[in-house]
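# Examination of the molecular architecture
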Amino acid sequence: MDRRQRRTREAIFNAFTELLSKKDFTQITVGEIICKADVGRATFYSHFETKDYLLKEFCEELFCHIFDTASNEETGHKHIFNCDGSDSVFLHLFEHLQKNDNNILALLSSQNNELFLKYFRSNLEVLIESQLSLFESRRDNEVPNSFWKNYIVSTFVETLKWWINNGMKETPETITEYFYKVI
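Computed from a prediction, not measured in an experiment: that's the story for all the values here.

The rules behind these values
- Residues numbered from 1 in each chain as written.
- Predicted model: local features only at pLDDT ≥ 70, side-chain atom pairs only at ≥ 80, totals over all residues.
- Heavy atoms only, no water.
- Helix = DSSP H or I, 4+ residues; strand = E, 2+ residues; numbered from the N terminus.
- Buried < 20%, exposed > 50% of the residue type's maximum accessible area, 1.4 Å probe, protein only.
- Contact = heavy atoms within 4.5 Å.
- Areas by Shrake-Rupley, 256 points an atom, 1.4 Å probe, with all protein chains shown as cover.
- Salt bridge = Lys/Arg side-chain N within 4 Å of Asp/Glu carboxyl O.
- Axes fitted to C-alpha atoms, helices over the stretch in contact; angles between N-to-C directions.
- Parallel < 35°, antiparallel > 145°, perpendicular 65-115°, else oblique.
- Left-handed = near helix turned anticlockwise from the far one by under 90°.

### What to know about the overall build of the protein chain
- Assigned secondary structure in the protein chain consists of 9 helices and 0 strands.
- Element order for the protein chain, N to C, with α for helix and β for strand: α-α-α-α-α-α-α-α-α.
- When the 183 residues of the protein chain are sorted by exposure, 45% land in the buried category.
- Expressed as a percentage of contacts within the protein chain between residues at least 6 apart in sequence, the contacts between residues at least 24 apart total 60%.
- When the accessible surface of the protein chain is totalled, it reaches about 9800 Å², and 45% of it is carbon and sulfur.

What follows is the structure, encoded as structure tokens:
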């Protein structure tokens, strides 16, 4: 992706996240996004097939950033999420959620968050897969790997929901510790 394409993509992501801070995902139109991003409709559709695809790419951007930071690799990929990163990918994710980077909480708490949670879970599964060694000592050999992975993903999502619903009073370090203790 060249610089111009990257800037356009960033403008669309920025417009999308600004709109998310003001209204529910389902109420946002492509017209509003392109107006705020100051790009043409054809330009928007050359980057994203639909608004749902924009949301999917947004989720993938978050997880790509966390993977890249965790692996300490210089990928040349410029992320919409900027930070130093933590040792733990889960702590890193909770830190972004606490900072509400790019209005992630608006997506998580919106009335119609099923689509976001679907994309979130899908990317979380890949993240968990790369981190299974952290949990291997806790897995009973009779438990199938696919069940174990699903259990960890579900536990993370439910931990996150609990944390948000309770006002995020715990620090990201504390909530990460809770997550590790229940796995």
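### Concerning helix α5 (residues 89-99)
- Within α5, 8 of the 11 residues are buried, which leaves it mostly tucked inside the rest of the structure.
- Taken as a whole, α5 has its buried residues at Val 89, Phe 90, Leu 91, His 92, Leu 93, Phe 94, His 96 and Leu 97.

### A few points about the pattern of salt bridges
- Enumeration according to the criterion identifies 8 salt bridges in this entry.
- Measuring nitrogen to oxygen at the nearest pair gives 3.0 Å for the salt bridge that ties Glu 136 to Arg 139.
- On the accessibility criterion, Arg 139 (18% relative accessible area) is buried.
- Between Glu 158 and Lys 161 there is a salt bridge; the shortest N-O distance is 3.4 Å. Residue Glu 158 and its partner Lys 161 are located together in helix α8 (residues 145-165), separated by 3 residues, close to a single helical turn.

### What to know about the environment of Tyr 151
- Within the secondary structure layout, Tyr 151 lies in helix α8.
- A relative accessible area of 34% means that Tyr 151 is categorised as partly exposed.
- As a C-alpha pair, Tyr 151 and Ile 183 span 32 residues in sequence and 8.4 Å in three-dimensional space.
- Those residues in contact with Tyr 151 that lie beyond four places of it in its chain are Val 182 and Ile 183.

### A closer look at the packing of α5 against helix α9 (residues 172-182)
- Viewed as axis vectors pointing N to C, α5 and α9 meet at an angle of 135 degrees, and their least axial separation amounts to 9 Å. The pairing of α5 with α9 is recorded here as oblique in orientation. Remark: the crossing between α5 and α9 carries right-handed chirality. Residues Phe 90, Leu 91, Phe 94, Glu 95 and Gln 98 of α5 lie in contact with α9, whose contacting residues are Pro 172, Glu 173, Ile 175, Thr 176, Phe 179 and Tyr 180.

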